[in-house]
Amino acid sequence: MPQWTLFENDFRTIDQVLAELLERTNALSAHLIDRSGQLITSAGRVDDFDTMSFASLVAADFTANAELAALMGEADGVDAVVNEGRSRSSHSCLLADRVILSVVFDKRSTLGLVRIRSRRGAESLDKVFRALFDKVGIAEAPQDSFEAAPEFAAAASNEV
């Protein structure tokens, strides 16, 4: 995965969106994580657990759930991954095809509220990241489907 850096204006916008999201959901923390498992930034309470391990596990969990969705015939992957715990839960969604927004919340909030308010925040953040990736020249080109590469599809089918 290509490396990239946040510009100061983008970081300010991201920080503002995350702060508003935390306020509107009453969530504990919000984290932006690269699909490779690298923590981009966090907002809220982040000192009571290992955010680096959290980022790595969220990325792995999101990827595993996307593969499960594909296995079950969901061509577009997965929209969100939810982890419901006894005292804390998390809701994670994908932004700009490479960044995961993960919101950690407890009993002071609800999954429904976090899901709805995260969707609004995700729309804003998705625009920021897509513009950023365009700026630095790493915007992903649409990948060819298997129909556009019949020899690869046939070889893969034979292997399976």
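Here is a short report on the structure shown in this document. (Residues numbered from 1 in each chain as written. Predicted model: local features only at pLDDT ≥ 70, side-chain atom pairs only at ≥ 80, totals over all residues. Heavy atoms only, no water.)

So, the environment of S124
And then number 1: Within the secondary structure layout, S124 lies in helix α3 (residues 111-135).
And then number 2: Once the C-alpha coordinates of S124 and T13 are considered, the two residues, 111 residues apart in sequence, prove to be 9.0 Å apart. (Helix = DSSP H or I, 4+ residues; strand = E, 2+ residues; numbered from the N terminus.)

Some thoughts on the packing of helix α1 (residues 8-25) against α3
And then number 1: Two numbers describe how α1 lies on α3: the axes approach to 9 Å, and their chain directions differ by 175°. The orientation of α1 with respect to α3, classified from their angle, is roughly antiparallel. When α1 is examined against α3, the residues D10, T13, I14, V17, L18, L21, R24 and T25 are found in contact with a partner set consisting of L113, V114, R117, S118, R120, G121, S124, L125, V128, F129, L132 and K135.
And then number 2: Across the contact of α1 with α3, the residue classes tally to 10 nonpolar, 5 polar and 5 charged. (Axes fitted to C-alpha atoms, helices over the stretch in contact; angles between N-to-C directions. Parallel < 35°, antiparallel > 145°, perpendicular 65-115°, else oblique. Contact = heavy atoms within 4.5 Å. Nonpolar A, V, L, I, M, F, W, Y, C, P; charged D, E, K, R; others polar.)

Comments concerning the environment of R45
And then number 1: Tracing the sequence through the fold places R45 in the loop between β2 (39-44) and α2 (51-71).
And then number 2: Overall, R45 belongs to the partly exposed group, its relative accessible area being 41%.
And then number 3: On a C-alpha basis, the gap between R45 and A27 in space is 9.1 Å, while along the polypeptide they are 18 residues apart.
And then number 4: Excluding residues that lie within four positions of it along the chain, R45 makes contacts with L28, S29 and R88.
And then number 5: Only 2.8 Å separates the side chain of R45 from the side chain of D48, close enough to count as a polar contact. (Buried < 20%, exposed > 50% of the residue type's maximum accessible area, 1.4 Å probe, protein only. Polar contact = N/O pair within 3.5 Å; in protein donor to acceptor, adjacent residues only side chain to side chain.)

Some words on the sheet that holds strand β3 (residues 80-84)
And then number 1: The strand order across the open sheet built from 5 strands is β2-β1-β5-β4-β3, with neighbouring strands paired in antiparallel fashion. Only two strands of the sheet have a single neighbouring strand rather than two, namely β2 and β3. When the angles between neighbouring strand axes are averaged without regard to direction, this sheet yields 15°.
And then number 2: Here β3 runs beside strand β4 (residues 88-95); their pairing, made up of 5 bridges, is antiparallel. Across the sheet, residue E84 finds its bridge partner in β4, namely S89. (Pairing = 2+ DSSP bridges.)

Considering unusual backbone geometry
And then number 1: Here the phi dihedral of A96 falls at roughly 50°; this positive angle occurs in a residue that is not glycine.
And then number 2: As for its position among the elements, A96 is in the loop between β4 and β5 (99-106).
And then number 3: In this structure, D97 takes a positive phi of about 60° despite not being glycine.
And then number 4: Mapping D97 onto the fold places it in the loop between β4 and β5.

None of the figures reported here should be taken as evidence of function without further support.
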